[in-house]
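Spelled out from the first residue to the last, the chains are:
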Amino acid sequence: LKLAGIPNGWGAISKVPTVGWAQILAYLEVSQDHSPGTPAAAGDVGFKVLTSSGPAEKAKELNAEFANGRLAVMAIIGMFFQDSL
């Protein structure tokens, strides 16, 4: 299978071998240990995402994150729409 033979968008999903999907799912299962009593279950992922010092700065950072998230969603929807044309 050559890279040129792999289609764009949703068509590429069918080209991933079954063993590849099994490997992806196995990694996701192993890497997401949220068992009760673990730090991840309490929401501690090992690093602090927002490092603001004051509440006004934290609100500004959160608003920026929300805006970036909305932009990312619109971008991926646009890519799906373009792929379906």
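Structure report, in brief. Numbers given to residues run from 1 along each chain, matching the order in which its sequence is written. Reporting of local features is limited, given that this is a predicted model, to residues whose pLDDT is at least 70; pairs of side-chain atoms are given and counted only at 80 or more, and all residues count toward the totals for whole chains, interfaces and linings. Hydrogen atoms and water are omitted, and side-chain values are computed over all heavy atoms in the structure.

Topic: the overall build of the protein
Move 1: For the purposes of this entry, the term helix denotes a DSSP run of H or I that reaches at least four residues, the term strand denotes a run of E that reaches at least two, and both are numbered from the N terminus. When you go through the protein residue by residue, the secondary structure sums to 2 helices and 0 strands.
Move 2: When a residue's accessible area, from a 1.4 Å probe over protein chains only, is under 20% of the maximum for its type it is buried; when over 50% it is exposed; and in between it is partly exposed. Classification of the 85 residues of the protein by burial places 4% in the buried group.
Move 3: Each accessible area value is a Shrake-Rupley result obtained with a 1.4 Å probe; residue values ignore everything except the protein chains displayed when judging cover. Of the roughly 7,500 Å² that the protein leaves accessible, carbon and sulfur atoms contribute 66%.

Brief notes about helix α1 (residues 18-31)
Move 1: An ideal rise of 1.5 Å per residue puts 20 Å on 14 residues; α1 measures up with 20 Å between its terminal C-alpha atoms.
Move 2: In terms of burial, α1 is a largely surface element, 1 of the 14 residues being buried. Expected span of a helix: the number of residues minus one, times 1.5 Å.

Some words on the environment of Ser14
Move 1: The residue Ser14 is located in the segment before α1 in this model.
Move 2: On the accessibility criterion, Ser14 (61% relative accessible area) is exposed.
Move 3: In the analysis that follows, any N or O atom pair within 3.5 Å is treated as a polar contact, provided that within protein one partner can donate a hydrogen and the other can accept it, and provided that, for residues neighboring in sequence, both atoms belong to side chains. Within the structure, the side chain of Ser14 is placed 2.9 Å from the backbone oxygen of Gly11, a separation counted as a polar contact.

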